[in-house]
Amino acid sequence: MALEIAYHPHLYLGESMKRKKLDKIKKKLENRPFFSGVFLVAISRNPYDQLEIYSAKQLRWRYYRKYPPCVVGIAGDEREALALVEMIVKECMETRGDCALKEYLRC
């Protein structure tokens, strides 16, 4: 059974992620998230946090079958994922003048 992952319409990609391979990566994430080397930036379900960074391997957890993530960014490692978060925060500050990332990034 495939995961029902929601993707942000303007999906942020790390330097090592190629847009032309994005469909293949999405299919792997939804059907067989057993590969390493992919980190996700997702909107947090926790009301006190805004974004979460985790390894794609975590999608195997039963929790994500029940509560699929809203992915806003895909990166090749944690460093790239942090750079994506930094870029999103800067973009939000320039656009909205605040750091209300959940409102800015609604899936």
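Residues numbered from 1 in each chain as written. Predicted model: local features only at pLDDT ≥ 70, side-chain atom pairs only at ≥ 80, totals over all residues. Heavy atoms only, no water.

On to a positive patch on the surface, then. Judged by side-chain charge, Lys18, Lys20, Lys21, Lys24 and Lys28 come together as a positively charged surface patch. Note that Lys24 resides in helix 1 (residues 22-31). Overall, Lys24 belongs to the exposed group, its relative accessible area being 56%. (Patch = residues over 30% accessible without salt bridge, like charges linked within 9 Å, V, L, I, M, F, W, Y side chains within 5 Å. Areas by Shrake-Rupley, 256 points an atom, 1.4 Å probe, with all protein chains shown as cover. Salt bridge = Lys/Arg side-chain N within 4 Å of Asp/Glu carboxyl O. Lys, Arg positive; Asp, Glu negative; His and termini not counted. Charge placed at Lys NZ, Arg CZ, Asp CG, Glu CD. Helix = DSSP H or I, 4+ residues; strand = E, 2+ residues; numbered from the N terminus. Buried < 20%, exposed > 50% of the residue type's maximum accessible area, 1.4 Å probe, protein only.)

A few words on helix 3 (residues 78-96). Its 19 residues give helix 3 an end-to-end C-alpha distance of 26 Å, which sits within 8% of 27 Å, the value for a rise of 1.5 Å per residue. Residues of helix 3 that are buried include every one of Glu80, Ala81, Leu84, Val85, Ile88 and Cys92, and no others. Down the axis of helix 3, the smallest arc covering the buried residues is 145°, so these residues share one side. Of the exposed residues in helix 3, those oriented more than 90 degrees away from the buried face are Arg79, Leu82 and Glu94. Tucked inside the fold, the buried residues of helix 3 contact strand 1 (6-13), strand 2 (39-43), strand 3 (51-55), strand 4 (70-75) and helix 4 (101-104). Following helix 3 by one or two positions, Gly97 adopts a phi angle in the positive range, close to 85°. (Expected span 1.5 Å × (residues − 1). Arc of directions from axis to C-beta. Contact = heavy atoms within 4.5 Å.)

A word on the pattern of salt bridges. This structure, assessed with the given rule, holds 2 salt bridges. Between Glu86 and Lys90 there is a salt bridge, with the nearest N and O atoms lying 3.2 Å from each other. Residue Glu86 and its partner Lys90 are located together in helix 3, separated by 4 residues, close to a single helical turn. Between Asp98 and Arg96 there is a salt bridge, with the nearest N and O atoms lying 2.9 Å from each other.

With 6 of 6 residues buried, strand 4 is to be regarded as a mostly interior element. For strand 1 and strand 4, the ladder comprises 4 bridges, and the chain directions are parallel. Across the sheet, Ala6 pairs through a bridge with Cys70, a residue of strand 4. Strand direction decides the pairing type here: strand 2 and strand 4, joined by 4 bridges, are antiparallel. Note that in strand 4 the partner of Phe39 across the bridge is Ala75. (Pairing = 2+ DSSP bridges.)

Let's shift gears to the state of the cysteines. Scanning all chains against the criterion turns up 0 disulfides. Free of any disulfide, Cys92 has its nearest cysteine sulfur in Cys99, 5.8 Å distant. Look at Cys99 and you get partly exposed, because its relative accessible area is 34%. (Disulfide = S-S within 2.5 Å.)

Any functional reading would require information beyond the geometric quantities listed.
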